[in-house]
Amino acid sequence: MSQATPRTLRESQLTVADGVAHFSHQRPAARNALSMDLRADYQDMLAQVESDRSIRALVISGSGGSFCAGGDLKSLQALRNAEDPEARSPDAMRLRLRAGHVWMERLRSLEIPVIAAVDGPAVGAGFSIALAADFVLASSRAVFCMSFAKVGLVPDLGAFYFLPRVVGMARAKELALTARRVGVDEAQKLGIVLSVHAPEALETEALRFASRLAAGPREAMGLTKGLFNKSFETPYATLAELEAQAQAVASAAPFHAQAIDAFLGGKPAAYDWDRQQG
């Protein structure tokens, strides 16, 4: 991949090169806990990725040997001790969570592949962010924990939606109610992790994987992802109609016509995973 200058946000960096955006949490001293500034960075990052059609894949990672340690407990403590009773009210917490779901839904709904490169802990809301990605590539030292019960809270930032869809309902309940740590080997067996890499190679492998996906048909891949996102809660007849509409759109895209011409002309396919080099 070619080099690009990172764009420094509040507590993260965003780099775009060769159709791949790389968003990196930059709070290593706090294990990349999800502060209000980092939440705002997600919104800024999503605005750029959504508006730039040249971006065809997104990688999310953390700096300093941590992916994301979840919510910022110091900020939660400050809210609890605030002099203003409204700031520490249940309604204030509800509104805070609702604001987080706005950008999490945008992240889930991106019409490009999203890869979480998890090195070290992905805890609490950090685990939820990893689950929102289409693929999780992890380092050998990655650890996942649905830690909310340890601090008397319920899972948040989409965990109730994402976790049972990945690991099944009984296992999701077990992980949430025990709040136990899940090592990378178990996470791979549960279907959370797609592949495991050495810590020093993780980001390179994640960017390579993203680059290979970025070579694919943007319209068809976005439509495919969107339909899979709807598959568990959509009746067959409705999903079949959505499939027909999506296929009509995909078949009208230039990529499809070019691929058919190449095939009939005996030329190599522009997107061939088995032959594609990272």
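Residues numbered from 1 in each chain as written. Predicted model: local features only at pLDDT ≥ 70, side-chain atom pairs only at ≥ 80, totals over all residues. Heavy atoms only, no water.

J.: Please provide a residue-by-residue account of the side chain of Thr15, values included.
T.: In this fold, Thr15 is placed in strand 2 (residues 12-17). Each residue touching Thr15, except ones within four places of it in the same chain, is listed here: Ala4, Pro6, Val20, Ala21 and His22. (Helix = DSSP H or I, 4+ residues; strand = E, 2+ residues; numbered from the N terminus. Contact = heavy atoms within 4.5 Å.)

J.: Provide a residue-level description of the pairing of strand 3 (residues 20-25), including the pertinent values.
T.: Burial analysis of strand 3 places 6 of its 6 residues in the buried class, the great majority of the element. On strand 3, burial covers both faces: Val20, His22 and Ser24 on one face and Ala21, Phe23 and His25 on the other are all buried. Strand direction decides the pairing type here: strand 2 and strand 3, joined by 6 bridges, are antiparallel. Pairing of Thr15 across the sheet is with His22, part of strand 3. Taking the residues that link successive antiparallel strands as the turn, the strand 2-strand 3 hairpin has 2 residues, and the phi of Asp18 there is positive, at about 55°. As defined by bridge partners, strand 3 adjoins strand 4 (residues 57-62) across 6 bridges and the pair is classed as parallel. What sits directly across from Ala21, in strand 4, is Leu58. One crossover worth recording links strand 3 to the parallel strand 4 by way of helix 1 (residues 36-51), and it is right-handed. (Buried < 20%, exposed > 50% of the residue type's maximum accessible area, 1.4 Å probe, protein only. Pairing = 2+ DSSP bridges. Right-handed = clockwise from strand over helix to strand, strands pointing away.)

J.: Explain unusual backbone geometry to me, and be specific about the residues and the numbers.
T.: Glycine aside, residues mostly have negative phi, and peptide bonds are mostly found in the trans state. For Asp18, which is not glycine, the phi dihedral falls at a positive 55°. With respect to the helices and strands, Asp18 occurs in the loop between strand 2 and strand 3. The exposure class assigned to Asp18 is partly exposed, which follows from its relative accessible area of 44%. Unlike most non-glycine residues, Arg31 shows phi in positive territory, near 55°. Residue placement: Arg31 occurs in the loop between strand 3 and helix 1.

J.: Pulling in residues and values, what's your account of the packing of aromatic side chains?
T.: Applying the stated criterion across every chain, the model contains 6 aromatic pairs. Consider the rings of Tyr42 and Trp103, whose centres lie 4.6 Å apart with planes at 20°: the pair is stacked. Of this pair, Tyr42 sits in helix 1 while Trp103 sits in helix 3 (residues 90-108), and the two are 61 residues apart along the sequence. A residue is classified by how much of its surface remains accessible, and Tyr42, at 0% relative accessible area, is buried. Consider the rings of Phe135 and Phe209, whose centres lie 5.3 Å apart with planes at 90°: the pair is edge-to-face. Of the two residues, Phe135 is situated in strand 7 (residues 135-139) and Phe209 in helix 8 (residues 202-214); the sequence distance between them amounts to 74 residues. Note on Phe135: relative accessible area 28%, which makes it partly exposed. Taken together through their ring pairs, the aromatic side chains of Phe23, Tyr42 and Trp103 make up a single cluster. Directly above the aromatic system of Tyr161 lies the positively charged group of Arg165, at a separation of 3.7 Å from the ring centroid. Over the aromatic face of Trp273 sits the side chain of Arg212, whose NZ or CZ is 3.9 Å from the ring centroid. (Phe/Tyr/Trp six-rings, centres within 6.5 Å; stacked < 30°, edge-to-face > 60°. Lys NZ or Arg CZ within 6 Å of the ring centre and 35° of its normal.)

J.: Please set out the pairing of strand 7 residue by residue, giving values where relevant.
T.: Judged by how many residues are buried, strand 7 sits mostly within the fold: 4 of 5 residues are covered. Here 4 bridges tie strand 5 (residues 114-118) to strand 7, and the two strands are oriented parallel to one another. Paired with Ala116 across the two strands is Val136, which belongs to strand 7.

J.: Tell me about the nonpolar core, and name the residues and values.
T.: Buried together is how nonpolar side chains tend to be arranged in soluble globular proteins. Within the largest apolar cluster, 51 residues are counted, with the highest numbers of intra-cluster contacts made by Tyr42, Leu58, Leu107 and Phe144. Per element, the largest residue contribution to this core is 6 residues, and it comes from helix 4 (residues 125-132). Contacts of Phe144, omitting those with residues within four sequence positions, involve Val118, Ala122, Phe127, Val136, Ala138, Arg180, Arg181, Val182, Ala187, Ile192 and Val193. Ranked by size, the runner-up nonpolar core spans 13 residues in total, among them Ala57, Val59, Phe209 and Ala214. (Core = buried A, V, L, I, M, F, W, Y, C linked by side-chain atoms within 4.5 Å.)

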